[in-house]
Amino acid sequence: MSTEPLLSDLRGQLRDGGLHGCLLVRDLHTGDELGIDPDTQLPSASLVKVPLALATLERIRRGELDGATMLDVPPGRITTPGPTGLSRFRHPVRIAVDDLLYLSTCVSDGTAADALFDLTPPAQVAEILHELGLRGITVRHGMRELSETPVERFDAAQVHLAHALAIDAGTSGRGHRVPQLDTTRANTGSARAWVELLQALWTPSRIHPEVALRVRDLMAHNVLRHRLAPDFSSDATTWSSKTGTLLNLRHEIGIVEHSDGQVFAVAVLTESLVPANSQPGAEALMAQVARTLRDHLRQL
């Protein structure tokens, strides 16, 4: 199938599956790419933990922070489904900055991320991104705001109401009654901006090689592998990634490296139009569409 009919078919598959998808897949060797609405800005959810890791490691490289520094971190004590790590702890812990980086990036621990944001506030993370020539990703707030959504106000049997609000309360200009979904107030990025960040981490760029290597290693050890990983992991490939989930948003960005030397950056940002918390079909569909784009690029 030629490119335009393929993209039209994939848009239809996403629509039929109840998803609005913004995707970009890029061959990092040739620069060839295929996408669907790749320049649309969407709230980043936990994807912001990658820029946070980058900024933290850059400050460690500069000598402004020490990865061995021990911090006292209060417990998150969150009981609603979803949060991980220190976010669910009941008691305070003493933990090193390097280990907070692992928990924040690999386990997507919001409490660990906020401890890092306390060291490097959102405005400074954004400033470091700009210094490194990375545009299009906005960092405005930490992770605490993402644990204060309508989901936390409903019991488990009513979570669908929070998702209905997320779906229906937006505006044509991407404002939203739920502030975490309002692109003028939330952390945001487009599929293209996230692919640019991935390319800067995996190929020579203004990011220091030691910093890029550390971020790549963290992403390679991501433990959340239920979304795109099933379609991009095999004995002949490696998949390094970061997921992001918030209300009706399901995202993942990553790099697939093939044993034949081909390397592809993948960014998949989606909004579900179905008011339900558990949607394994949506997870499978996003992976299927992303893999189809990758497969088509490999054949060009």
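Below is a summary of the structure that appears in this document. (Residues numbered from 1 in each chain as written. Predicted model: local features only at pLDDT ≥ 70, side-chain atom pairs only at ≥ 80, totals over all residues. Heavy atoms only, no water.)

This part covers the packing of aromatic side chains. This structure, assessed with the given rule, holds one aromatic pair. On the basis of an interplanar angle of 15° and a centroid distance of 4.9 Å, the ring pair of Phe-232 and Trp-239 is categorised as stacked. You'll find Phe-232 and Trp-239 in the same group, each marked buried. (Phe/Tyr/Trp six-rings, centres within 6.5 Å; stacked < 30°, edge-to-face > 60°. Buried < 20%, exposed > 50% of the residue type's maximum accessible area, 1.4 Å probe, protein only.)

This part covers the pattern of salt bridges. In this structure the tally under the stated criterion is 20 salt bridges. Linking Arg-59 and Glu-64 is a salt bridge whose minimum nitrogen-to-oxygen distance equals 2.8 Å. The exposure class assigned to Arg-59 is buried, which follows from its relative accessible area of 10%. Members of the salt-bridge network, linked through shared partners, are Glu-58, Arg-59, Arg-61, Arg-62, Glu-64 and Glu-131. (Salt bridge = Lys/Arg side-chain N within 4 Å of Asp/Glu carboxyl O.)

By size, the foremost hydrophobic cluster in this structure holds 57 residues, and its most contacted members are Leu-54, Leu-100, Leu-201 and Ile-207. Looking at which element gives the most residues to this core, the answer is helix α7 (residues 191-202), with nine residues. With near-sequence residues (within four places) excluded, Leu-100 lies in contact with Leu-71, Val-73, Leu-86, Ile-95, Ala-112, Ala-115 and Leu-116. (Core = buried A, V, L, I, M, F, W, Y, C linked by side-chain atoms within 4.5 Å. Helix = DSSP H or I, 4+ residues; strand = E, 2+ residues; numbered from the N terminus. Contact = heavy atoms within 4.5 Å.)

Right, let's talk about the sheet that holds strand β9 (residues 263-272) for a bit. Spatially, the five strands line up as an open sheet ordered β2-β1-β9-β8-β7, and their pairing is antiparallel. Pairing within the sheet leaves two strands with one partner each, and these edge strands are β2 (33-36) and β7 (237-246). Pairwise comparison of adjacent strand axes, ignoring direction, gives a mean angle of 10° for this sheet. Pairing between strand β8 (residues 249-258) and β9: nine bridges, direction antiparallel. Residue pairing across strands places His-251 opposite Leu-269, the latter belonging to β9. (Pairing = 2+ DSSP bridges. Axes fitted to C-alpha atoms, helices over the stretch in contact; angles between N-to-C directions.)

Take helix α3 (residues 97-106) next. For an α-helix, 3.6 residues make a turn, and residues three or four places apart therefore share a direction. Here α3 lies mainly inside the structure; seven of its ten residues are buried. Buried within α3 are the following residues: Val-97, Leu-100, Leu-101, Leu-103, Ser-104, Thr-105 and Cys-106. Remark: Ser-108 follows α3 within two positions and exhibits a positive phi of approximately 60°.

Contact geometry for helix α2 (residues 49-62) and helix α5 (residues 122-131): axes closest at 9 Å, N-to-C directions at 75°. Overall, the two elements α2 and α5 adopt an arrangement that is roughly perpendicular. Packed against α2, whose contacting residues are Pro-51, Leu-52, Leu-54, Ala-55, Glu-58, Arg-59 and Arg-62, the element α5 presents Gln-124, Val-125, Ile-128, Leu-129 and Glu-131 at the interface. Residues that form the contact of α2 with α5 fall into these classes: seven nonpolar, one polar and four charged. (Parallel < 35°, antiparallel > 145°, perpendicular 65-115°, else oblique. Nonpolar A, V, L, I, M, F, W, Y, C, P; charged D, E, K, R; others polar.)

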